[in-house]
Amino acid sequence: MLIATYDKLLVVVSLLVAILASYTALDMAERINTTASQHGRAARWWLAGGAVAMGLGIWSMHFIGMLAFRLPIALGYDAGITALSLVIAIAVSGFALWIVTRPELPTRRLLGSALFMGIGIACMHYTGMAALRMQPGIAYDLFLFLASVAIAIAASAAALWIAFSLRRNTPHVKAARGGASVVMGIAIFGMHYTGMGAASFSRDSICLSAREGMAPGWLAVLIIVVTLAALTIALLTSVLDARLESRTAKLARSLAAANEELTQMVLHDQLTRLPNRTLLEDRLNQAINKAAREQGHFALMFMDLDGFKAINDSLGHHVGDRLLVEVAQRLTSSSRANDTVARLGGDEFVILVDLNTPEDAMGVAEKLVEAVNQPFKVDQHELRVSASVGIAIYPEDGATRHDLVINADAAMYHTKRSGRNGYHFFEPSMNANAQQQLQWLQDLRVALERGQFRLVYQPKFSLPAGPVLGAEALLRWEHPVHGLVAPDQFIGLAERSGLILPIGAWVLDEACRQMREWFALGYVDWTMSVNLSALQFADPHLLEVVRTTLERHQLPPPCLTLEVTESTAMHDTEASLQTLRQIADLGVEISIDDFGTGYSSLLYLKRLPANELKIDRGFVRELRQGGEDAAIVSAIVALGRTLNLRIVAEGVETVEQQDFLTAAGCDALQGYLMGRPMTPELFLQTMRERHKSAA
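Conventions used here
- The written sequence of each chain sets the order in which its residues are numbered from 1.
- A pLDDT threshold of at least 70 governs which residues receive local features in this predicted model, and a stricter bar of 80 or more applies before side-chain atom pairs are shown or counted, although totals over entire chains, interfaces and linings include all residues.
- Based on all heavy atoms of the structure, the side-chain values leave hydrogens and waters out of the count.
- The numbering of helices and of strands both runs from the N terminus, where a helix is a DSSP run of H or I of at least 4 residues and a strand a run of E of at least 2.
- Note on classification: 1.4 Å probe, protein chains only; a residue is buried when its accessible area is under 20% of the maximum for its type, exposed when over 50%, partly exposed between these limits.
- Should any heavy atoms of two residues lie within 4.5 Å, those residues are considered in contact.
- Working definition of accessibility: Shrake-Rupley area with a 1.4 Å probe, residue cover restricted to the visible protein chains.
- Strand pairing requires that DSSP identify at least two bridges connecting the strands.
- Note on geometry: axes are lines fitted to C-alpha atoms, helical ones only across the stretch in contact, with angles between N-to-C directions running from 0 to 180 degrees.
- For this classification, under 35 degrees means roughly parallel, over 145 means roughly antiparallel, 65 to 115 means roughly perpendicular, and everything else is oblique.
- Crossings are assigned a handedness: left-handed for a near helix turned anticlockwise from the far helix by less than a right angle, right-handed for a clockwise turn.
- Under the grouping applied here, Gly and all other residues not named as nonpolar or charged are polar, the nonpolar ones being Ala, Val, Leu, Ile, Met, Phe, Trp, Tyr, Cys and Pro and the charged ones Asp, Glu, Lys and Arg.
- Here a salt bridge means any side-chain nitrogen of Lys or Arg lying within 4 Å of a carboxyl oxygen belonging to Asp or Glu.
- By this rule, a helix spans an expected 1.5 Å times one less than how many residues it contains.
- Two N or O atoms form a polar contact when they lie within 3.5 Å of each other; inside protein one atom must be a possible hydrogen donor and the other a possible acceptor, and for residues adjacent in sequence the pair counts only when both atoms belong to side chains.
- Note on disulfides: each one is a pair of cysteine sulfur atoms within 2.5 Å.

Novice: Honestly, the overall build of the protein chain in this entry has me stumped. Any pointers?
Specialist: Helices and strands together make up the secondary structure of the protein chain, namely 25 helices and 22 strands. Within the span of the protein chain, comprising 695 residues, buried residues form 47% of the whole. Relative to all contacts within the protein chain whose residues are 6 or more apart in sequence, the contacts with residues 24 or more apart total 74%. Per element, the accessible surface of the protein chain, about 33,800 Å² overall, is 58% carbon and sulfur.

Novice: I would appreciate a short explanation of the sheet that holds strand β9 (residues 348-355) in the present structure.
Specialist: Spatial ordering of the open sheet is given by β8-β9-β7-β12-β13, a layout of five strands whose pairing is mixed. Bordering the open sheet on either side are β8 (340-345) and β13 (422-425), each of which pairs with just one other strand. The mean angle between the axes of side-by-side strands here comes to 20 degrees, regardless of whether they run parallel or antiparallel. As judged from the nine bridges shared by strand β7 (residues 297-306) and strand β12 (residues 386-394), these two strands associate in the antiparallel manner. Along β12, the bridge assignment pairs Asp 306 with Ser 386. Against the sheet, helix α9 (residues 277-294) engages β7, β8, β9 and β12, with an angle of about 140 degrees to β8. Here helix α12 (residues 360-373) sits on the sheet and contacts β7, β9, β12 and β13; the angle it forms with β12, its principal contact strand, is near 160 degrees.

Novice: What exactly am I supposed to notice about the packing of α9 against helix α13 (residues 401-417) here?
Specialist: The description of two packed helices rests on the angle between their axes and on the distance between the axes. Packing of α9 against α13 leaves a shortest axis separation of 10 Å and a crossing angle of 110 degrees. Taken together, α9 and α13 sit at an angle that is classed as roughly perpendicular. The handedness of the crossing between α9 and α13 is right-handed. Contacts between α9 and α13 involve Glu 281, Leu 284, Asn 285 and Ile 288 on the former and, on the latter, Arg 401, Leu 404 and Val 405. Residues that form the contact of α9 with α13 fall into these classes: four nonpolar, one polar and two charged.

Novice: I'm lost on unusual backbone geometry in this one. Help?
Specialist: Trans peptide bonds make up most of the peptide bonds, and negative phi angles are found at most residues other than glycine. Cis geometry is found at the peptide bond from Tyr 394 to Pro 395, where omega equals 0 degrees. As for its placement among the helices and strands, Pro 395 is situated in the loop between β12 and α13. The residue Asn 421 is not glycine, and still its phi comes out positive at about 50 degrees. Using a relative accessible area of 40% as the deciding quantity, one classes Asn 421 as partly exposed. One non-glycine residue, Gln 554, lies in positive phi territory at about 50 degrees. The residue Gln 554 is located in the loop between α18 (542-552) and β18 (560-565) in this model.

Novice: Is there a simple way to think about helix α10 (residues 308-315) in this case?
Specialist: Because the α-helix completes a turn every 3.6 residues, residues three or four places apart line up on one side. Buried within α10 are the following residues: Phe 308, Ile 311, Asn 312 and Asp 313. Among the structural elements, β7, α11 (317-333), β11 (381-383) and α19 (566-570) are those in contact with the buried residues of α10. Of the residues trailing α10, Gly 316 is marked for its positive phi of about 100 degrees.

Novice: Looking at this model, I keep getting lost on the pairing of β12. Mind explaining?
Specialist: On any regular strand, side chains alternate: one points to one face of the sheet, the next to the other face. Most of β12 sits out of view: nine of its nine residues are buried. What you see with β12 is no split at all: Ser 386, Ser 388, Gly 390, Ala 392 and Tyr 394 on one side and Ala 387, Val 389, Ile 391 and Ile 393 on the other are buried throughout. Two elements, β12 and β13, share four bridges in a ladder whose sense is parallel. Bridging across to β13, Val 389 finds its partner in Tyr 423.

Novice: Is there a simple way to explain the pattern of salt bridges in this structure?
Specialist: Charged atoms that come close allow side chains of opposite charge to pair. Under the counting rule described, the total for this entry stands at 18 salt bridges. The partner of Asp 509 in a salt bridge is Arg 552, and the shortest N-O contact between them spans 2.4 Å. Here Asp 509 is found in helix α16 (residues 500-520), whereas its partner Arg 552 is found in helix α18, with 43 residues between them in sequence. Lys 614 is the partner of Glu 650 in a salt bridge, and the nearest nitrogen-oxygen pair spans 3.4 Å.

Novice: Would you mind showing me how to read the pairing of strand β19 (residues 589-595) here?
Specialist: Along β19, five of the seven residues are buried, which leaves the element largely enclosed by surrounding structure. Examined bridge by bridge, β18 and β19 share five bridges and lie parallel to one another. Residue pairing across strands places Val 564 opposite Ile 592, the latter belonging to β19. Here β19 runs beside strand β20 (residues 612-615); their pairing, made up of three bridges, is parallel.

Novice: Would you take a moment to explain the packing of helix α23 (residues 628-642) against helix α24 (residues 655-664) for this structure?
Specialist: Axis separation between α23 and α24 bottoms out at 10 Å; the angle between their running directions is 35 degrees. Crossing geometry of α23 relative to α24 is assigned as right-handed. Residues Ala 630, Val 633, Ser 634 and Val 637 of α23 form the contact with α24, whose participating residues are Phe 660, Leu 661 and Ala 664. Along the lines of polarity and charge, the residues of the contact of α23 with α24 split into six nonpolar, one polar and no charged.

Novice: Which parts of the structure should I look at to understand the environment of Leu 535?
Specialist: Relative to the helices and strands, Leu 535 resides in helix α17 (residues 534-537). Expressed as a C-alpha distance, the spacing of Leu 535 and Gly 498, which sit 37 residues apart in the sequence, is 7.8 Å. Ignoring anything within four residues of it in the chain, the contact list for Leu 535 reads Glu 495, Gly 498, Ile 500 and Leu 501.

Novice: What exactly am I supposed to notice about α9 here?
Specialist: In this model α9 runs 25 Å from its N-terminal to its C-terminal C-alpha over 18 residues, within 8% of the 26 Å that 1.5 Å per residue would give. When we look at burial in α9, the residues that qualify are Leu 279, Leu 280, Leu 284, Ala 287, Ile 288 and Ala 291. N-capping of α9 is provided by Asn 276, with a side-chain oxygen placed 3.2 Å from the backbone N of Thr 278. Immediately beyond the C-terminal end of α9, within one or two residues, lies Gln 295, with a positive phi of roughly 55 degrees.

Novice: What is the right way to look at the state of the cysteines in this model?
Specialist: Joining two cysteines, a disulfide is a covalent bond between their sulfur atoms. Scanning the entire structure with this criterion turns up zero disulfides. Summary of cysteine pairing: Cys 559 is not part of a disulfide, and the nearest cysteine sulfur, belonging to Cys 512, is at 9.0 Å.

Structure representation (structure tokens):
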């Protein structure tokens, strides 16, 4: 028998190739499994590429092992038979990768696949041995032959189970895959050299492929280089693709998170995180559809907080916001999981309640009112508010979203008018007032474009002699049906609807236009006072509106006085100070209106760039010598003198009031005693007559 030897370097190389091929196969299984769940076509390409890379790796390990084999005769390998062994390796690898990427791998399928794969690997090995074309043929030891086949089957079973278990990219999978590839490589290595050990060659054997086939020397180098290159490229491609997929998945998660955050912003109130009007409308539609199908009931409850405005004005918007958040949390905890608590804005909340019977709404409303009535602790302040609730029941109080909303709102306002702190169910009689409010709102929307607003002017007189200082512009609405409407009947509605902004801009423009006429007539010492609402004062475009209006009518800024109520000026004091300073920087004068009715801090008051304090008419109306109001008026005058401010008293209707205010040291008076609000023509005529009589 011929004595066989092995090239130790090639043996080591064959083991390394087996380990590298095993790792590549495991990595390919993960790529195929990942792409199969997302892109079927890409998975097929990965399966084909993986089969070639894995088959080439396994075949190379076996063939390098054969090239490491040495006999004392010349050896060569038949190209066709060698190629056939490579095809078998690729086919077996493709089958193995397909098996491990199935959703499940039961024991029966595992054993059957291992048997098929093990026999296939054995066929590849012994086909490669046949490429020697030995004469006489190779004799095999039956025990070692069967052992090699058994090792191939066992190695295949282990490889399939390991590849199936490690096909997902889980934590620490890289380290586990590395260890598993070593085990698989050694198993394949063992199968090959067991098969080689089974072969025996007679002493007179010759290799027919030595002359016509491929010589082992250069072939070993070529196969090693090509195999290592192919496996490295396949592995790098897999790693880069996995990294790209990981980044794509991360980007997709970021995009999903951004979409979720955007949806949260679009559908939820930013302060309380409750559903907003948009989401409420959607859930209300769903509730209507469900109740219509099941002939069920639900309640729509409108809630407004009583006393919230006073807290917000006196303690600042930051405390008010914290209070709203606390109220939202309390309403949510007092509601069931299938109910919806939403915030429409300001201190208005809406609760959508699923009901078994309409009578159940009473218990829910009582629970919500009681929850709000409990004191709140905000920034060391113990705050108390109450809730006015209006309830509309589907379908009794409306079969559409619009009807339910209108009727619940009407019931809520009825609760407010009835003393607040409670609830009322909707009744048809409430709708008349709701419809009236809606009609007023519609009329108000068209009043500006149809020119129904007018300005009247009330004179302001200097003390003690009494010359005219100027006028205060007062708004009136000439309604086509109701006649002349006073501001207290529509200003609140204009503020709630936001129409006060265009109306206020028109008042400012018309007042400046009128002042320009008087200015051209020589009344250059007069000033025009215009009231600003809280909504106007908070408008970020206010400064630009004032500047452009003055430029349009070519008025010097000191001709204009803007009146801001004390409570408006004290709301968010730092922002108010900035706005007032910007107005003052234009040269426009500032008057603090209704002084004494708010919650001014002297610390902030002395920082206000104001020119004038107006004593509220409420103090003047009840003015009696020695009374509380007299003391308050005297204190305000003293305060104004200290701060170097002009003091104006409004609402003067009697000579006694005039005498007291004059003696107290007021700088100017305004009221019916001296002059009622009048048209610009009558104002000019009256002032001229007064000037003549004084002369």
